[in-house]
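Examining the three-dimensional arrangement
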Amino acid sequence: MGCGSSKRIKRVPGYEDPKVLAAETPFTVSEVEALYELFLKLSNSIIADGLIHKEEFQLALFRNKNQMNLFADRIFNLFDVEGNGVIAFGEFVRSLGVFHPNAPVADKIAFAFRLYDLRQTGFIEREELKKMVLALLHESDLVLLEDVVETIVDKTFSEADTKGDGRIDPEEWKAFVSKYPSLMKNMTLPYLKDISLAFPSFVVRTEIEDSDLSVCVNGD
């Protein structure tokens, strides 16, 4: 009898068939079922409604539901595809799938572009780039002098903006990250290849029984 069978799992609002999600993402059906267990933990950590709210998302990532962070906000907003302020199960799996090692590089590049496109204009402007650089430095606990940050932003922007129109379009972005592939390193989470091993490092504030999840992933 399959572990994670739909008959044994409580379905939350926005629940989608694991077979459908597996067909649309790099995950297998068993991995999607295991991700559902993770989703249930995250989506009920503060508000028990089966949907991931921003506070729950920040709690999982940063151990602090009140910590304001541009990077976390942008990731949450991109996961929240419908833009209704919460992340449903299908949105969670599809968005997380972009970070899978087997996800198409084009999808990773497009996601990263949208991450930097703060105003959602279809272009990355200099001020948006600077804000994201500062947010990423903050995440890495790095503090640089203002003039150093400006130099980094100026150099990056001038090289990426090959058309010289003061903004970076998707085509320019693709060419830039293709030239510097290390920029896309954070768009791949290697442990997503083995969901049973992903939980200890992905979930910060929840308690997952790894033995149960391993059975779900590795056996029927």
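Residues numbered from 1 in each chain as written. Predicted model: local features only at pLDDT ≥ 70, side-chain atom pairs only at ≥ 80, totals over all residues. Heavy atoms only, no water.

Most of helix 4 (residues 70-79) is tucked away, with seven of its 10 residues classed as buried. Turning to helix 4, its buried residues number three or more, namely A72, D73, R74, I75, F76, L78 and F79. (Buried < 20%, exposed > 50% of the residue type's maximum accessible area, 1.4 Å probe, protein only. Helix = DSSP H or I, 4+ residues; strand = E, 2+ residues; numbered from the N terminus.)

Right, let's get into the packing of aromatic side chains. Applying the stated criterion across every chain yields a total of 13 aromatic pairs. When the centroid spacing of 5.6 Å and the interplanar angle of 70° are considered together, the rings of F57 and F76 count as edge-to-face. With F57 in helix 3 (residues 54-62) and F76 in helix 4, this residue pair connects regions lying 19 residues apart in the sequence. Residue F57 is classed as buried on the basis of its relative accessible area of 9%. Between Y116 and W173 the ring centres are 5.2 Å apart and the planes differ by 45°, which places this aromatic pair in the tilted class. Placement of the pair is Y116 in helix 6 (residues 105-116) and W173 in helix 9 (residues 170-179), with a sequence separation of 57 residues. On the accessibility criterion, Y116 (13% relative accessible area) is buried. (Phe/Tyr/Trp six-rings, centres within 6.5 Å; stacked < 30°, edge-to-face > 60°.)

Chain-level statistics for the protein chain give a pLDDT mean of 82 and a share of 79% at 70 or above. Per-residue pLDDT stays below 50 along residues 1-7; that stretch engages in 15 contacts with residues further than four places along the chain or on separate chains. The model gives residues 196-220 a pLDDT under 50, and that stretch makes 50 contacts with residues more than four places away or in other chains. (pLDDT = per-residue confidence, 0-100. Contact = heavy atoms within 4.5 Å.)

This paragraph deals with the packing of helix 8 (residues 146-160) against helix 9. Contact geometry for helix 8 and helix 9: axes closest at 9 Å, N-to-C directions at 115°. Residues T156, E159 and A160 of helix 8 form the contact with helix 9, whose participating residues are E172, F176 and K179. Classifying every residue of the contact of helix 8 with helix 9 gives two nonpolar, one polar and three charged. (Axes fitted to C-alpha atoms, helices over the stretch in contact; angles between N-to-C directions. Nonpolar A, V, L, I, M, F, W, Y, C, P; charged D, E, K, R; others polar.)

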